[in-house]
2 protein chains.
Amino acid sequence: MTTLVLVSHPHLADSTSQQFLKASINSDEVLWEHIESQATIDIEKEQAQLRQADRIILQFPLYWYAAPAGLKQWEDTVLTRTFVYGDHRYPLAGKELGIVVTTGMPAKAFQRGGAEQITLDAALAPLAAVANRAKMKWLPTFAIHQFAYLDEPAKLQLVVDYQRYLTQTQPDNLQNKQAWFAQHLPAMIERLPLEQQQAGQLILTAFEQQQTDLEALTDTLGLIKEQEDD
Amino acid sequence: MTTLVLVSHPHLADSTSQQFLKASINSDEVLWEHIESQATIDIEKEQAQLRQADRIILQFPLYWYAAPAGLKQWEDTVLTRTFVYGDHRYPLAGKELGIVVTTGMPAKAFQRGGAEQITLDAALAPLAAVANRAKMKWLPTFAIHQFAYLDEPAKLQLVVDYQRYLTQTQPDNLQNKQAWFAQHLPAMIERLPLEQQQAGQLILTAFEQQQTDLEALTDTLGLIKEQEDD
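Conventions and cut-offs
- Residues numbered from 1 in each chain as written.
- Chains lettered and ligands numbered in written order.
- Predicted model: local features only at pLDDT ≥ 70, side-chain atom pairs only at ≥ 80, totals over all residues.
- Heavy atoms only, no water.
- Contact = heavy atoms within 4.5 Å.
- Buried area = accessible area lost by both parts, 1.4 Å probe.
- Salt bridge = Lys/Arg side-chain N within 4 Å of Asp/Glu carboxyl O.
- Polar contact = N/O pair within 3.5 Å; in protein donor to acceptor, adjacent residues only side chain to side chain.
- Helix = DSSP H or I, 4+ residues; strand = E, 2+ residues; numbered from the N terminus.
- Nonpolar A, V, L, I, M, F, W, Y, C, P; charged D, E, K, R; others polar.
- Domains from an automatic or database assignment.
- Buried < 20%, exposed > 50% of the residue type's maximum accessible area, 1.4 Å probe, protein only.
- Pairing = 2+ DSSP bridges.
- 1 Å grid on protein atoms, 1.4 Å probe; cavity = no way out; pocket = protein on both sides within 12 Å on 5 of 7 lines; lining within 4 Å.
- Points joined across faces, edges and corners; volume = space filled by probe spheres on them.
- Least-squares fit on C-alpha atoms with pLDDT ≥ 70 in both.

With 27 residues of chain A at the interface, the matching set in chain B holds 27 residues. Summed over both sides, the interface between chain A and chain B buries roughly 2100 Å², with carbon and sulfur atoms accounting for 64% of that surface. Per-residue buried area on chain A facing chain B is highest for Trp64, Lys72 and Arg133 of chain A; these three make up 33% of the total on that side. A salt bridge links Arg133 of chain B to Glu116 of chain A, with the nearest nitrogen and oxygen atoms 3.1 Å apart. If you look at where chain A meets chain B, you find 14 residue pairs in polar contact (both at pLDDT 80 or more). Contributing elements (two or more residues each) for the side of chain A that touches chain B: helix H3 (69-78), helix H5 (120-123) and helix H6 (125-133) of chain A. Counting residues per element, the side of chain A that touches chain B draws most heavily on H6 of chain A, which supplies six residues. Among the residues forming the side of chain A that touches chain B, the class breakdown is 19 nonpolar, three polar and five charged.

All names here are of chain A. Under the domain assignment used here, chain A contains domain 1 (3-172) and domain 2 (173-230). With eleven residues of domain 1 at the interface, the matching set in domain 2 holds nine residues. Summed over the shared surface of domain 1 and domain 2, the result is zero salt bridges. Counting across the interface, domain 1 meets domain 2 through three residue pairs in polar contact (both at pLDDT 80 or more). Each residue belonging to the side of domain 1 that touches domain 2 can be placed in one class, and the counts come to two nonpolar, six polar and three charged.

All names here are of chain A. Where burial is concerned, most of strand E3 (residues 55-61) is hidden: seven out of the seven residues are buried. Burial along E3 is two-sided: Arg55, Ile57, Gln59 and Pro61 and Ile56, Leu58 and Phe60, pointing in opposite directions, are all buried. Where strand E1 (residues 3-7) lies against E3, five bridges are found, and the strand directions are parallel. Looking at E3, one finds that Thr3 is bridged to Arg55. Strand direction decides the pairing type here: E3 and strand E4 (residues 96-103), joined by seven bridges, are parallel. Along E4, the bridge assignment pairs Ile57 with Gly98.

Okay, empty space enclosed by the protein next. Enumeration over the complete set of coordinates arrives at three cavities of 30 Å³ or more. There is about 300 Å³ of room inside the largest cavity. Looking at the largest cavity, it is lined by 21 residues, and the ones nearest its centre are Ala66, Lys72 and Pro126 of chain A together with Ala66 and Lys72 of chain B. For the lining of the largest cavity, the elements supplying multiple residues, two or more each, are H3 and H6 of chain A together with helix H3 (69-78) and helix H6 (125-133) of chain B. Considering only residue class, the lining of the largest cavity consists of 17 nonpolar, no polar and four charged.

A few words on the relation of the copies chain A and chain B. When chain A is fitted to chain B, the residual RMSD is 0.2 Å, and the transformation amounts to a turn of 180° plus an axial shift of 0.1 Å. Seen this way, the second copy is the image of the first under a two-fold rotation axis. Residues of chain A ranked by C-alpha distance from the rotation axis are headed by Ala69 of chain A, positioned 2.6 Å from it. When you check the interface residues of chain A against chain B, 100% turn up at the interface there too, and the contact is symmetric in its surfaces.

This part covers the pattern of salt bridges. The full count for this structure, using the stated rule, is 14 salt bridges over all chains. As a salt-bridge pair, Glu96 of chain A and Arg55 of chain A come within 2.7 Å of each other at their nearest N and O atoms. One end of the pair, Glu96 of chain A, is in strand E4; the other, Arg55 of chain A, is in strand E3, and 41 residues separate them in sequence. With its nearest N and O atoms 3.3 Å apart, the salt bridge here joins Lys45 of chain B to Glu33 of chain B. Here the residue Lys45 of chain B occupies a position in helix H2 (residues 43-52), and Glu33 of chain B occupies one in strand E2 (residues 30-34), the gap between them amounting to twelve residues. The class of Glu33 of chain B is buried, set by a relative accessible area of 7%. Linked by salt bridges that have partners in common, Glu33, Lys45 and Glu46 of chain A make up one network.

Right under this line is the structure:
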């Protein structure tokens, strides 16, 4: 699978969350691009990248309940009517569109009665309408609230969740999650510092054992259900 | 009342609808500004203008279910956190925010089951959330659908409706509408070509007569209601 990550941020170097996310990417399957770093937007190149990707991620901080101006400029420029739905070709049809959004407020602020008085879904509705127009598949939003306040365990969890969001098969169910870890755990352990390699190997063995146990459990459950259906 | 019209359009000179709207403005109460015409946004000047206005109008074509990138850039730059709600001063509190939006689709496209699959209200929700955060009063949206297909009578109607949207006291009820026409009709008739002046005077007389009739009717209705309440 090819994933294209389009990052919009007017001051990327100053953003600790964006730098953290960028450092978390560790896959040949992921193409990363910073929209504002381009003096002018190369429409042909951008459209070619979009055509090639299976999953397109728009990643940005929430500024006034929307993406920064840079992403809107990209939309207004690259997503020409002809490209998106002209001539009924729909080159983006079937591709997945994911949103990675960072906010300075806690999650609870984005609900009825919350400080922001708007849900993330409502704030992202214009982008969802674009996805709909292009016949793309909208993925559940990946929101990171108040990154600066995350402790180390939460940040480690974020790395893994983010990597999965970029490359794991959707939907995010147990089966797809397991398949993803089975594929990525060995390489993740190899990248550990030498003194943690042994602990990593233990985790891998435990994971593999659990996988076998889960398969056996699933089989048993399947048999019970079959008997219930009789 | 002071109205500030902030127009966002990347190619204003090419837009017949924007040129039409600009020509429709005929009032000293209205300050008109084209956002993209400024090489750099003068934050101090923009904030001062906002402070002075009673009604702020954001006017733009709907691009991908939102304002053009230029308006988002203006938001991201001018609407600093400190300006909007920092120190709990809220300099925009109580001001009216109106949206004049042009679209290339018919009104019926913006509903459940419509071609766009999103309502204008939903598309403008991020802007409404900004208004809410700034403690501004959100006015009913002024939407102009498929301007290019409007015939002459519809365009004349649009001129009047637009002028009222910019300067008439809200809400848009009979009383406020009457007061607005009483104030503006004489000047509107004066601007008519000479051969239409007489027809204009007749309209003015008819309007004044209707106003008297309406007042009498309202009084009668009030009396009937009073008796009903007994």
